[in-house]
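A structural walkthrough
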Amino acid sequence: MRIPSELVPKCPKCGQPLTMNLRSDDKFVEDEGWLAAAARYENFLKEKQDENVLFLELGVGYNTPSIIKYPFWRMTAQNPRATYACINFGEPLCPTEIERQSICIDGDIGRVLRDLK
Ligand SMILES: [Zn+2]
């Protein structure tokens, strides 16, 4: 369960190992492409806010729940036609307020999706 060092991607400019773009410090990158995608996402949510919507959450934990998990819960609560579906290994939870609109599955995502197929 180890990754050989030579397989870790490196920055083509400075040679430093690449890291994920996480909201864990002040280095999160919101470039032109990110901002455009964020605007498309906001528009999509606005257009669909009263329609049948499935908020499908795959493997989202509690590191930064304010990014995906809490907004999904809030938008599900605000739209009676929305469904919140969560596949999570060990933490498939939702608030009681949206229990009737939720499907929470405890399990390995790959296995659950294969079983659904
Ligand atoms: Zn670099």
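The coordinates are above.
Residues numbered from 1 in each chain as written. Predicted model: local features only at pLDDT ≥ 70, side-chain atom pairs only at ≥ 80, totals over all residues. Heavy atoms only, no water.

1. Details of the environment of Ile98
Tracing the backbone through its elements, the reader meets Ile98 in the loop between strand E2 (82–88) and strand E3 (102–106). Spatially, the C-alpha atoms of Ile98 and Thr83 are 8.7 Å apart, while their sequence positions differ by 15 residues. Beyond its immediate sequence surroundings of up to four residues, Ile98 is in contact with Trp73, Thr76, Ala77 and Tyr84. (Helix = DSSP H or I, 4+ residues; strand = E, 2+ residues; numbered from the N terminus. Contact = heavy atoms within 4.5 Å.)

2. Side note on the pattern of salt bridges
According to the stated counting rule, one finds three salt bridges in the structure shown. As a salt-bridge pair, Glu51 and Lys48 come within 3.9 Å of each other at their nearest N and O atoms. Here Glu57 makes a salt bridge to Lys69, at a shortest N to O gap of 2.6 Å. Linking Glu57 in strand E1 (residues 53–58) with Lys69 in helix H2 (residues 69–78), this pair joins segments that are twelve residues apart in sequence. (Salt bridge = Lys/Arg side-chain N within 4 Å of Asp/Glu carboxyl O.)

3. What to know about the nonpolar core
The biggest cluster of nonpolar side chains holds eleven residues, and these are Leu45, Val53, Phe55, Phe72, Trp73, Met75, Ala82, Tyr84, Cys86, Cys94 and Ile98. Mapped by element, the contributors of at least two residues to this core are E1, H2 and E2. Not counting the four nearest positions on each side in its chain, Leu45 is found in contact with Phe55 and Met75. (Core = buried A, V, L, I, M, F, W, Y, C linked by side-chain atoms within 4.5 Å. Buried < 20%, exposed > 50% of the residue type's maximum accessible area, 1.4 Å probe, protein only.)

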